[in-house]
Amino acid sequence: MYFISSLSPPVGICSMSEALNGSNATGTLKIQDGVVVYHSPLTGEIKGAVSVTDNQWHVVSLTHYYAQGRTLLYTDKALAGELGEKLTVGKFTIGDNTSANSREYSELFFYRSAMNQEEIDKLCDGRMLKSSLEIYAPLDGSKSTIENLAQSMNSVVLKTE
């Protein structure tokens, strides 16, 4: 996900609902103390080290290896850390309607498989990795709708609350 922010107070980037074994826990990606923080819906957190409150565009990548039970957080090309967990995400929400602070998003990517460091580096260098791309949604604000431009059967829905 590409985003820009000049905000230093805690601000939500997105949230995800974990739907494993009937649980309805929610995990989040937030800007907290100037860095991206992933709060797992199961246990633990990963805190980034790269400042993202500098009015520059940043790439945030949360990648998950289900079989290995690993979740990794990258800010730009920097690996922030890793958690041991197995997630099954049921719902993914972009934005944070509980905050009056704003942030801008440029593009949303979802990949079918987890990404390694080399793939993250290429994505940060502006390369379009198409091999397991499930959702590609430009979020430039030029349309009142959101659409998936990836060659997949998945869809995205715009809901305003």
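Residues numbered from 1 in each chain as written. Predicted model: local features only at pLDDT ≥ 70, side-chain atom pairs only at ≥ 80, totals over all residues. Heavy atoms only, no water.

A. Molecular detail of the pairing of strand S12 (residues 133-138). Most of S12 is tucked away: 5 of the 6 residues are buried. Alignment of strand S11 (residues 107-111) against S12, held across 5 bridges, turns out to be antiparallel. What sits directly across from Tyr-111, in S12, is Leu-133. (Buried < 20%, exposed > 50% of the residue type's maximum accessible area, 1.4 Å probe, protein only. Helix = DSSP H or I, 4+ residues; strand = E, 2+ residues; numbered from the N terminus. Pairing = 2+ DSSP bridges.)

B. Structural context of the packing of aromatic side chains. Enumeration over the complete set of coordinates arrives at 2 aromatic pairs. Pairing Phe-109 with Tyr-111 gives two aromatic rings, centres 6.2 Å apart and planes at 15°, and the pair type is stacked. The same class applies to Phe-109 and to Tyr-111, which are both buried. Through successive ring pairs, a cluster of aromatic residues spans Phe-109, Tyr-111 and Tyr-136. Over the ring of Tyr-65 we find Arg-70, and its NZ or CZ is 5.0 Å from the ring centre. (Phe/Tyr/Trp six-rings, centres within 6.5 Å; stacked < 30°, edge-to-face > 60°. Lys NZ or Arg CZ within 6 Å of the ring centre and 35° of its normal.)

C. Structural context of the environment of Leu-139. Residue placement: Leu-139 occurs in the segment after S12. A relative accessible area of 22% places Leu-139 in the partly exposed class. Here the alpha-carbon distance between Leu-139 and Glu-107, two residues 32 residues apart in the chain, equals 5.2 Å. Ignoring sequence-local partners within four residues, the contact set of Leu-139 consists of Ile-94, Tyr-105, Ser-106, Glu-107, Leu-108 and Ile-146. (Contact = heavy atoms within 4.5 Å.)

D. Fine view of the nonpolar core. One finds Leu-72, Tyr-74, Phe-109, Tyr-111, Met-115, Ile-120, Leu-123, Leu-129, Leu-133, Tyr-136 and Ala-150 forming the largest nonpolar core, which totals 11 residues. Those elements that place two or more of their residues in this core are strand S7 (70-75), S11, helix H1 (117-124) and S12. Not counting chain neighbours up to four residues away, the residues in contact with Leu-133 comprise Phe-109, Phe-110, Tyr-111, Met-128, Ala-150 and Ser-152. In this structure, Ile-31, Val-36, Tyr-38 and Ile-46 belong to the second largest nonpolar core, which totals 10 residues. (Core = buried A, V, L, I, M, F, W, Y, C linked by side-chain atoms within 4.5 Å.)

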